[in-house]
Amino acid sequence: MLTTTTEATINTFVLCAAESDPARAAQHPFNFATLYTAYRACRRGKRSTRKAQWYELTLLDRLVNTTQLLQQRCWHPSPSIRFVVIHPKPREILAADFGDRVVHHLLVPWFERLYEPVFIFDSFANRKGKGSHAAVSRLQAFTRKQPGGYYLQLDIASFFNSINRRILFNLLQQRVGSDLRRSETDPRHAESAQASEFLWLARELLTGNPALHAQFHGRMQDLARIPAHKQLANAPTETGLPIGNLTSQFFANVYLNELDQFIKHQLKVACYVRYVDDFVLLHHDPAQLQRWREAIVSFLQQRLRLALRDEGKLAPISNGMDFLGYIVRPHYRLVRRRVVTHMQHRLQAYSKMIVQHNGQTYNFTPDTVNAVQATLASYYGHFRHAKSAKLRQAIFSRYPWLPHILFESTKAGICRCDAPASVSSLASQWRYFHQRYPQHLLLLRVGNTMQAWGQHAQSIANAIHCLGRNLVLAKQQQAIGQSWPVAMGAKIRHRLRVQNLPYAFIDEAGWLKGGMKRRELRQITFERVLSEVTYQNTYKTDL
């Protein structure tokens, strides 16, 4: 099957006429070296994904083919993958093919060099050295400059689906034309040959509606949750950019740079922060904020053909601002309640998989533990930028199975504790789990046997009414425990649960450096947790 698919992929390559002059081809802005650099940037952090690996299987052929297509202006975008994400709210995503994303990483850096000196400082979305946390910090700094003041928070309606591509391309042309007239010693100078090629590529990406030929992956009921006017396929002609592409993120900044310049240089707003289409203005006079809002509405309609989603929110700064997942106040910030609720829903789903046997056992699988760690690390990275110490403690209290596998480190974040950090021998692994669970009977998997050492071995043998094979220390010829066939593992654990004997089952999980087997906590019994009603009443105020 793999061979057949690879052959079909290779046969789809369309080679245009080769460049007659190799030296000239190497000087072309779309040469092999620049495309390879773009590929390396594109694969960063995604090399383990299936699409990146599939692209890498025929890397040389693909890069050479794309280079020739670009140089001869025969390149066209491939059909996108269309799917729906549910959280934090239903959104339609159009993901470009990996080969197209390589081209995106070729285009965006060239335009970024021209636009970065033009963008205002207080635009924080999809820019190096910026980001959501920097935007929140900047907004909080502004609140301290406006004691007793007010804020106006505005949002653009269906922003990506409302971007006019013709206006956007004209903005790109104007910027390139301005930089073409700069002297060659100016770092923002644009060369004519390069500008022509990159403008052609930008036009190619802005031509047509990618949703019309996209392949939908997912459930149709999820797609039905998205209103028709927010689906790109229903956008008017020459309108809309796909959410999910690097080029769309950059083009959004180009488009709203016009709004930034209007607010900063014509309205003279000193305290202004924008992240994508969500922006906040601050002033001590609420009437002034109202006048600014009317001017912004008029500018968006006449210049960019955009509209605000609603009247916005005008309120005192002391009330706190709901911005990018935080409630921002002058001297501290809190985590937004909706973010905490989403995290609870995800942890509750994991809890249903982990808590078993009528609430008497925690069962951990490698995939579940990895997923829980990734989820919690993501949310805690968000929480640690706010006043959230009690919240983080309450999470570990609400889900009693969490401390068995994870703990929070002030330096390293969310770390694993279901296995020892350093291992020198099997005995060191035994000691680690024995110190963590001194009241539990330890049952370790060693190869094709289940082993228990010391008094644990005799207690388990008495419980299951079955003596195991003696484990003898080779040097002293002294029995140190007993072992049973691995096939008896489930029966042993069942008998221990029936007799209410607490145990911890330690399973093998791959190899460590040096050839030692890695062993992790796989199952542990515990005292039954509080009922769900008591659970909620206990931690509702904290969470």
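Residues numbered from 1 in each chain as written. Predicted model: local features only at pLDDT ≥ 70, side-chain atom pairs only at ≥ 80, totals over all residues. Heavy atoms only, no water.

### What about the sheet that holds strand β7 (residues 313-316)?
Link 1 in the chain: The 4 strands lie next to each other as β5-β6-β3-β7, forming an open sheet whose pairing is antiparallel. Every other strand in the sheet has two partners, leaving β5 (271-275) and β7 as the edge strands with one partner each. For this sheet, the mean inter-axis angle between neighbouring strands, taken without regard to orientation, is 15 degrees.
Link 2 in the chain: Both strand β3 (residues 150-155) and strand β6 (residues 278-283) contribute to a ladder of 6 bridges, which runs antiparallel. Across the sheet, the residue bridging to Y151 is L282, located in β6.
Link 3 in the chain: Helix-sheet contacts for helix α12 (residues 246-266) involve β5 and β6, and the interaxial angle to β5 is about 170 degrees.
Link 4 in the chain: Where helix α13 (residues 286-304) meets the sheet, its contacts fall on β3, β6 and β7, and the angle it forms with β6 comes to roughly 145 degrees. (Pairing = 2+ DSSP bridges. Helix = DSSP H or I, 4+ residues; strand = E, 2+ residues; numbered from the N terminus. Axes fitted to C-alpha atoms, helices over the stretch in contact; angles between N-to-C directions. Contact = heavy atoms within 4.5 Å.)

### Some details on the packing of aromatic side chains
Link 1 in the chain: Evaluated as defined, the whole model comprises 22 aromatic pairs.
Link 2 in the chain: Relative to Y55, the ring of Y39 lies with its centre 5.8 Å away and its plane at 25 degrees, an arrangement referred to as stacked. Linking Y39 in helix α3 (residues 32-43) with Y55 in helix α4 (residues 50-57), this pair joins segments that are 16 residues apart in sequence. Taken as a pair, Y39 and Y55 share a single burial class, namely buried.
Link 3 in the chain: Pairwise contacts between aromatic rings join F30, W110, F111 and F198 into one cluster.
Link 4 in the chain: Of note, K130 hangs over the ring of F124, and the distance from its end group to the ring centre comes to 4.9 Å.
Link 5 in the chain: Above the plane of the ring of Y326 lies R333, whose end atom (NZ or CZ) is 5.9 Å from the centre. (Phe/Tyr/Trp six-rings, centres within 6.5 Å; stacked < 30°, edge-to-face > 60°. Buried < 20%, exposed > 50% of the residue type's maximum accessible area, 1.4 Å probe, protein only. Lys NZ or Arg CZ within 6 Å of the ring centre and 35° of its normal.)

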